[in-house]
Amino acid sequence: MTTAPTPVPATASAAQSGGGTPGPATTSPTVATAPVATAAPATATTAKAPRPAKRRSTGSRAWLGALPLILFFVIGFGLPAVAIAIGAFTTSTDAPDGGGTFTTDNLTNSLQGAYWTALWGSVKLSLLTALIAAVIGLPLAQAVATSRFRAFREAVMSASGVLANFGGVPLAFMFVATLGNAGEVTKKFGLTKHGWNLYTFTGLSVVYLYFLVPLMVITITPALEGLKAQWREAAYNNGATGLQYWRHVALPVLLPSLLGGFVLLFGASFAAYATAEAMVGSSVPLISMQIGDALSGNVLVGQGNLALALGLDMIVVACLVMAVYLPLQRRSAKWLA
């Protein structure tokens, strides 16, 4: 009766090896290993990790931080835009019939005669000055972005911030005193003999560049700082020249930002009023001057809503310019992020 205590797994192992009585050394590993190999995965699959506690949702309250900006936009832009759109298609309240009736005459008249000439003059002035300011401001901003002198950078950026917001009557007086017909610079260098006249389209363009170039420097400098040094090094390592780097790498990446700066410059020039009014008056036809004359009644009486139609024309032009920039905004954000 010595074979009764023989374990069952030992018999199976002996049968696989061709018979014989297994010893303790061969029985122990077989019995001990099998349960461990099969039990571990079962435990791992059935055990469930504790679920993390749910965080309190704050998405529904995130818009509260933007509420002041939304209110400012609605009050400062939305309501005036609605008032302009309504007034452009109704007769003025100071009209002989009492006003308030629907009409398309305001919009039709705003695109004819002197008003069309003024609108086209403002568009030409804005396009020219914005383009020149962008061409001049880009290398200046590049010099600031790559400068190793912190004092130089801070001085240029501070000056640009001041000059970009310097306009109106003080700016007009400064140029009249220096480059006017009796200005100091004009008399000293005899500019009048060479055909210089400040009170023309060209002279007004020079005045506008005084605040548009610094504005371009402020606008494009952050984009230039976003250009990675690895891109330049990779271009040079592959045999590219500086011109090829700017043509094939830098400018394509900066193109949306350049267009954004151009749109900003265009809008600043297109909406400028006080500087041109104080310096050239009505000698240079501009849409902003026509709006002022229509509101004040200097030209026609009972045509107050014509000024709203002219303002609607300006909004349409600004929207068309923005439509060129917005599709390229994502491309700039992807590369400069």
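Note that residues are indexed from 1 along each chain, following the sequence as it is written. Local features are withheld for residues below a pLDDT of 70 in this predicted model, meaning they are given only at 70 or higher, and side-chain atom pairs are given and counted only at 80 or more; totals for whole chains, interfaces and linings count all residues. Excluding hydrogens and water, the side-chain figures rest on all heavy atoms present in the structure.

Participant: When you look at the overall build of the protein chain in this model, what are you seeing that I'm missing?
Facilitator: A run of DSSP states H or I qualifies as a helix once it reaches four residues; a run of E qualifies as a strand once it reaches two. Both are numbered from the N-terminal end. A tally of regular secondary structure across the protein chain gives 15 helices and zero strands. Among the 337 residues that make up the protein chain, the fraction classed as buried is 32%. Within the protein chain, residue pairs in contact and separated by at least 24 positions form 67% of the contacts whose partners lie at least 6 positions apart. Burial classification: accessible surface area is computed with a 1.4 Å probe over protein chains only, and a residue below 20% of its type maximum counts as buried, one above 50% as exposed, and the rest as partly exposed. Note on contacts: a residue pair is in contact if any heavy atoms of the two residues lie within 4.5 Å.

Participant: How should the environment of Leu227 be read in this particular structure?
Facilitator: Take Leu227: it is sitting in the loop between helix H9 (201-225) and helix H10 (229-237). As for Leu227 and Leu254, which are separated by 27 residues in sequence, their C-alpha atoms are 8.5 Å apart.

Participant: Looking at this structure, how should I read the nonpolar core?
Facilitator: Inside soluble globular proteins, nonpolar side chains tend to come together where they are buried. In terms of nonpolar packing, the biggest core is built from 59 residues, with Leu204, Tyr208, Ile220, Leu227, Leu265, Phe270 and Leu286 touching the most fellow members. Of all the elements in the fold, those that place two or more residues in this core are helix H5 (113-145), helix H7 (169-179), H9, H10, helix H11 (242-271), helix H12 (274-279), helix H13 (287-296) and helix H14 (304-325). Element by element, the count of residues in this core is highest for H9, at 13 residues. Not counting residues within four places of it along the chain, the set of residues in contact with Leu265 comprises Ala130, Ala133, Ala134, Leu212, Leu215 and Met216. Residues grouped as a nonpolar core are buried Ala, Val, Leu, Ile, Met, Phe, Trp, Tyr and Cys residues, joined through side-chain atoms within 4.5 Å.

Participant: Please clarify how the packing of aromatic side chains should be interpreted in this entry.
Facilitator: Between two aromatic rings, the relevant description is the distance of the centres plus the angle of the planes. The aromatic pairing rule takes the rings of Phe, Tyr and Trp, using the six-membered ring of Trp, and pairs them if the centres are within 6.5 Å, calling planes under 30 degrees apart stacked, those over 60 edge-to-face and the rest tilted. Applying the stated criterion to the full structure yields eight aromatic pairs. Ring pairs connect the aromatic residues Phe166, Phe175 and Tyr210, which therefore count as one cluster.

Participant: I'm lost on the pattern of salt bridges in this one. Help?
Facilitator: As a working rule, side chains carrying opposite charge can pair if their charged atoms are close by. Salt bridge, as applied in this entry: a Lys or Arg side-chain nitrogen positioned within 4 Å of an Asp or Glu carboxyl oxygen. In this structure the tally under the stated criterion is two salt bridges. Across the pair Arg150 and Glu154 runs a salt bridge whose closest N-O atoms are separated by 2.9 Å. You can see Arg150 and its partner Glu154 sitting in helix H6 (residues 150-163), four residues apart, about one turn around the helix. Look at Arg150 and you get exposed, because its relative accessible area is 66%. Residue Glu154 is classed as partly exposed on the basis of its relative accessible area of 40%. For Glu225, the salt bridge identified is with Arg153, shortest N-O distance 2.3 Å. Taken as a pair, Glu225 in helix H9 and Arg153 in helix H6 lie far apart in primary sequence, 72 residues in all.

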